[in-house]
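# Descriptive analysis of the structure
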Amino acid sequence: MICTLLSLLSWISPEMAANRERSFIMIKPDGVQRGLVGDIIKRFEQKGFKLVAIKFMNAGEELLKKHYSDLSSRPFFPSLIQYMQMGPVVPMVWEGLNVVKTGRVLLGETNPADSKPGTIRGDFCIQTGRNIIHGSDSVDSANKEIALWFDPKELTEWKANQQSWVYED
């Protein structure tokens, strides 16, 4: 059985394997309240990325503290947790070639004033404290964030019909 699996995997090119990279993207409460969920999803879909998981939920304090644990020593941490509980969020998992890096480009800079027009933050945000969206900054952090927000059963495996029009074989 292992030999069969290895022979099946041998025909997959490195480019095809890289297409399976995943990123965690979350629309924050201000993005939800402003009705930007559809616009944000549309940008990722138009780029050619594949949505494999999505939720609409109120995030609890414990989950948010785990998610933002790397910022726990910063003075703004309590207000960040409070802000993230002000309304529902939309956590998502997107899949595709270089989705983490490209997703960060689509988002724009953390400070919207530094974001270029055409990016999500450049088009829709003014202040850092209301920058409407979170995106993983590395594949490792994406994997950790996905595992924190989603059960593996919630990640949908499927082949998009347009895949051959987005990726070369």
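This one's a predicted model, so the numbers in the text were calculated from it and none came from an experiment.

Rules used in this analysis
Residues numbered from 1 in each chain as written. Predicted model: local features only at pLDDT ≥ 70, side-chain atom pairs only at ≥ 80, totals over all residues. Heavy atoms only, no water. Helix = DSSP H or I, 4+ residues; strand = E, 2+ residues; numbered from the N terminus. Buried < 20%, exposed > 50% of the residue type's maximum accessible area, 1.4 Å probe, protein only. Areas by Shrake-Rupley, 256 points an atom, 1.4 Å probe, with all protein chains shown as cover. pLDDT = per-residue confidence, 0-100. Contact = heavy atoms within 4.5 Å. 1 Å grid on protein atoms, 1.4 Å probe; cavity = no way out; pocket = protein on both sides within 12 Å on 5 of 7 lines; lining within 4 Å. Points joined across faces, edges and corners; volume = space filled by probe spheres on them. Nonpolar A, V, L, I, M, F, W, Y, C, P; charged D, E, K, R; others polar. Phe/Tyr/Trp six-rings, centres within 6.5 Å; stacked < 30°, edge-to-face > 60°. Lys NZ or Arg CZ within 6 Å of the ring centre and 35° of its normal. Polar contact = N/O pair within 3.5 Å; in protein donor to acceptor, adjacent residues only side chain to side chain.

Helix and strand content of the protein: 10 helices and 4 strands. In sequence order, the protein lays out its α and β elements as α-α-β-α-α-β-α-α-β-α-α-β-α-α. The proportion of buried residues among the 169 residues of the protein is 43%. When the accessible area of the protein is evaluated, it comes to approximately 10,200 Å², of which 55% is carbon and sulfur surface.

Confidence along the protein averages 90 in pLDDT terms, with 88% of residues attaining 70 or more. Counting contacts from residues 1–13, a segment whose pLDDT is below 50, to residues more than four positions away or on other chains yields 2 contacts.

With that settled, consider the layout of surface pockets. Considered as a void within the structure, the largest pocket measures approximately 710 Å³ in volume. What lines the largest pocket is a set of 27 residues, among which Tyr-68, Asp-70, Leu-71, Leu-80 and His-134 lie closest to the centre. Of all the elements in the fold, those that place two or more residues in the lining of the largest pocket are helix 5 (61–67), helix 6 (77–84), strand 4 (133–135) and helix 9 (139–149). For the lining of the largest pocket, the element with the highest residue contribution is helix 9, accounting for 4 residues. For the lining of the largest pocket, the per-class residue count stands at 7 nonpolar, 11 polar and 9 charged.

Right, let's talk about the environment of Leu-148 for a bit. Following the sequence through the fold, Leu-148 ends up in helix 9. When the C-alpha atoms of Leu-148 and Leu-63 are compared, they prove to be 7.8 Å apart, with 85 residues separating the residues in sequence. Setting aside residues up to four positions removed in sequence, Leu-148 forms contacts with Leu-63, Lys-66 and His-67.

The relation between two aromatic rings is expressed through the spacing of the ring centres and the mutual angle of the planes. Under the defined criterion, the tally for this structure stands at 3 aromatic pairs. Grouping aromatic residues by their ring pairs yields a cluster made of Phe-44, Phe-49 and Trp-94. Sitting above the plane of the Phe-150 ring, Lys-55 keeps its charged end 4.8 Å from the centroid.

With that out of the way, let us pick up the side chain of Thr-119. Note on placement: Thr-119 falls in the loop between helix 7 (99–107) and helix 8 (120–124). Here the side chain of Thr-119 touches Gly-122 through a polar contact of 2.9 Å, landing on its backbone nitrogen. Apart from residues no more than four positions distant in its own chain, Thr-119 is found in contact with Arg-43, Val-105, Leu-106, Leu-107 and Gly-108.

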